[in-house]
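# Observations on chain architecture
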Amino acid sequence: STANAPEDDAPNRYSRTERATYSRYSRDANSSGSSLPSNTLEKRIEELERELAKERQENARLMKMAQDKEELIGKLKEEIDLLNR
(Lines give C-alpha, C1' and ligand atoms only; values in the text may rest on other atoms or scores of the structure.)
Protein backbone atom coordinates (compact mmCIF):
# COMPACT_ATOMS: atom_id res chain seq x y z
CA SER A 1 0.00 0.00 0.00
CA THR A 2 1.25 3.53 0.66
CA ALA A 3 4.26 2.31 2.66
CA ASN A 4 5.52 0.59 -0.50
CA ALA A 5 5.10 3.66 -2.72
CA PRO A 6 8.73 4.85 -2.42
CA GLU A 7 9.94 1.34 -3.22
CA ASP A 8 7.70 1.15 -6.30
CA ASP A 9 9.32 4.35 -7.61
CA ALA A 10 12.87 3.04 -7.07
CA PRO A 11 13.30 1.18 -10.41
CA ASN A 12 12.42 4.32 -12.38
CA ARG A 13 14.81 6.45 -10.36
CA TYR A 14 17.67 3.95 -10.78
CA SER A 15 17.14 3.53 -14.51
CA ARG A 16 17.39 7.31 -15.01
CA THR A 17 20.59 7.33 -12.97
CA GLU A 18 22.05 4.48 -14.98
CA ARG A 19 21.19 6.22 -18.25
CA ALA A 20 22.79 9.45 -17.00
CA THR A 21 25.91 7.55 -15.94
CA TYR A 22 26.16 5.78 -19.28
CA SER A 23 25.67 9.03 -21.17
CA ARG A 24 28.36 10.72 -19.09
CA TYR A 25 30.85 7.92 -19.83
CA SER A 26 30.05 8.01 -23.54
CA ARG A 27 30.41 11.79 -23.63
CA ASP A 28 33.69 11.71 -21.65
CA ALA A 29 35.17 9.04 -23.91
CA ASN A 30 34.24 10.99 -27.04
CA SER A 31 35.43 14.37 -25.78
CA SER A 32 38.72 13.11 -24.38
CA GLY A 33 39.81 11.58 -27.66
CA SER A 34 39.72 8.06 -26.12
CA SER A 35 42.29 8.74 -23.44
CA LEU A 36 40.92 5.56 -21.81
CA PRO A 37 40.42 2.41 -23.89
CA SER A 38 36.79 1.43 -24.35
CA ASN A 39 37.36 -1.92 -22.65
CA THR A 40 38.55 -0.05 -19.52
CA LEU A 41 35.35 1.98 -19.55
CA GLU A 42 33.27 -1.15 -20.06
CA LYS A 43 34.97 -2.83 -17.11
CA ARG A 44 34.36 0.29 -14.99
CA ILE A 45 30.69 0.33 -16.01
CA GLU A 46 30.36 -3.37 -15.10
CA GLU A 47 32.02 -2.68 -11.74
CA LEU A 48 29.65 0.22 -11.08
CA GLU A 49 26.65 -1.90 -12.10
CA ARG A 50 27.69 -4.60 -9.59
CA GLU A 51 28.14 -1.94 -6.92
CA LEU A 52 24.74 -0.49 -7.77
CA ALA A 53 23.11 -3.92 -7.47
CA LYS A 54 24.65 -4.38 -4.01
CA GLU A 55 23.46 -0.92 -2.95
CA ARG A 56 19.95 -1.68 -4.23
CA GLN A 57 19.87 -4.87 -2.16
CA GLU A 58 21.07 -3.00 0.92
CA ASN A 59 18.51 -0.26 0.31
CA ALA A 60 15.70 -2.82 -0.01
CA ARG A 61 16.85 -4.53 3.20
CA LEU A 62 16.92 -1.22 5.09
CA MET A 63 13.52 -0.21 3.71
CA LYS A 64 12.07 -3.53 4.92
CA MET A 65 13.62 -3.06 8.35
CA ALA A 66 12.23 0.47 8.59
CA GLN A 67 8.77 -0.73 7.55
CA ASP A 68 8.87 -3.57 10.11
CA LYS A 69 9.87 -1.13 12.85
CA GLU A 70 7.10 1.29 11.88
CA GLU A 71 4.58 -1.56 12.15
CA LEU A 72 5.96 -2.54 15.56
CA ILE A 73 5.75 1.06 16.76
CA GLY A 74 2.12 1.22 15.66
CA LYS A 75 1.28 -2.00 17.50
CA LEU A 76 3.05 -0.84 20.64
CA LYS A 77 1.20 2.50 20.57
CA GLU A 78 -2.10 0.64 20.33
CA GLU A 79 -1.07 -1.54 23.27
CA ILE A 80 -0.11 1.53 25.32
CA ASP A 81 -3.49 3.11 24.57
CA LEU A 82 -5.26 -0.07 25.71
CA LEU A 83 -3.21 -0.20 28.92
CA ASN A 84 -3.92 3.47 29.65
CA ARG A 85 -7.65 2.85 29.43
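- Naming follows an unreviewed UniProt entry, where the protein chain appears as PAWR protein of Promerops cafer.

### Describing the overall build of the protein chain
- For the protein chain, the helix and strand inventory stands at two helices and zero strands.
- Split into buried and exposed, the 85 residues of the protein chain put 5% on the buried side.

### So, the pattern of salt bridges
- All chains considered together, the criterion is met by three salt bridges.
- Between Glu-47 and Arg-44 there is a salt bridge, with the nearest N and O atoms lying 2.7 Å from each other. Residue Glu-47 and its partner Arg-44 are located together in helix α2 (residues 38-84), separated by three residues, close to a single helical turn.
- A salt bridge links Asp-68 to Lys-64, with the nearest nitrogen and oxygen atoms 2.8 Å apart.

How each quantity is defined
Residues numbered from 1 in each chain as written. Predicted model: local features only at pLDDT ≥ 70, side-chain atom pairs only at ≥ 80, totals over all residues. Heavy atoms only, no water. Helix = DSSP H or I, 4+ residues; strand = E, 2+ residues; numbered from the N terminus. Buried < 20%, exposed > 50% of the residue type's maximum accessible area, 1.4 Å probe, protein only. Salt bridge = Lys/Arg side-chain N within 4 Å of Asp/Glu carboxyl O.

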